[in-house]
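Understanding the architecture of this molecule
The lines below spell out each chain.
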Amino acid sequence: MMIATETIDSSRDEYFMRLAIEQARAAEQHGEVPVGAIAVYQGEVIGRGHNKVITTLDPSAHAEVLALRAAAQYLGNYRLSGVSLYVTLEPCSMCAGLMVHSRIQRLVFAARDPKSGAAGSVFPITNHPNLNHQVSVTEGICAAECGAMLSEFFKQRRAIKKHLRQQEKLNNQGQGTPE
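In this report, the structure presented in the accompanying data block is examined. (Residues numbered from 1 in each chain as written. Predicted model: local features only at pLDDT ≥ 70, side-chain atom pairs only at ≥ 80, totals over all residues. Heavy atoms only, no water.)

**Some remarks on unusual backbone geometry**
Of note in the backbone geometry, Arg103 takes a positive phi value of approximately 65 degrees without being a glycine. Within the fold, Arg103 resides in the loop between α4 (93-102) and β4 (106-111). (Helix = DSSP H or I, 4+ residues; strand = E, 2+ residues; numbered from the N terminus.)

**Regarding the nonpolar core**
Membership of the largest hydrophobic core comes to 42 residues, with the highest contact counts inside it found for Met17, Leu80, Leu85, Tyr86, Met99, Ile104 and Leu107. Residues within four places of Ile104 in sequence aside, it is in contact with Leu68, Leu80, Val83, Leu85, Met99, His133 and Val135. (Core = buried A, V, L, I, M, F, W, Y, C linked by side-chain atoms within 4.5 Å. Buried < 20%, exposed > 50% of the residue type's maximum accessible area, 1.4 Å probe, protein only. Contact = heavy atoms within 4.5 Å.)

**With respect to the packing of aromatic side chains**
Inspection of every chain in the model, using the stated rule, returns three aromatic pairs. Taking the centre distance of 5.3 Å and the plane angle of 40 degrees together, the rings of Phe16 and Tyr86 count as tilted. One end of the pair, Phe16, is in helix α1 (residues 10-29); the other, Tyr86, is in strand β3 (residues 83-89), with 70 residues separating them in the sequence. Of the two residues, Phe16 and Tyr86, both sit in the buried class. Their ring planes at 80 degrees and their centres at 5.2 Å tell us that Phe153 and Phe154 sit as a pair that is edge-to-face. Clustering of aromatic rings is evident, with ring pairs tying together Tyr15, Phe16 and Tyr86. (Phe/Tyr/Trp six-rings, centres within 6.5 Å; stacked < 30°, edge-to-face > 60°.)

In short, geometric facts, not functional conclusions.
The structure is reproduced here in structure tokens:
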């Protein structure tokens, strides 16, 4: 994993990651996977986003996409040189590709995604040597908190699905043929 070459200020990184966590909590309140993102340029937040794939019925409405779209609108440019993106979960391949294409400077993410992470866990998209741009990556800021939030979300979701399956089974048993 490549670490940013500029001086990394961990308190500043934690501050912006906490803003991303607020976005993740907003996603969770709407029944979305709790992922949040904050785009920062010259120390100023210029884009925010949280997952909205379910509420908007848009498979591309990931937190990173929404935050970078807002950043591009703010800067009036699709090239986002000098922008840092703070995300609560390691980006997927779609989002990592967007980061490369938009030319962000730096990605800071909290928790790794061992199933589909594209900033090094599964795919090295953000730093692939054959691509025309590499993104500086810092990982692990607030990782335990973000990982726990995601784990709890999916634990609750599994419990709800299990309960619904049990209810359906009981309903089906009660609908047997009369003798």
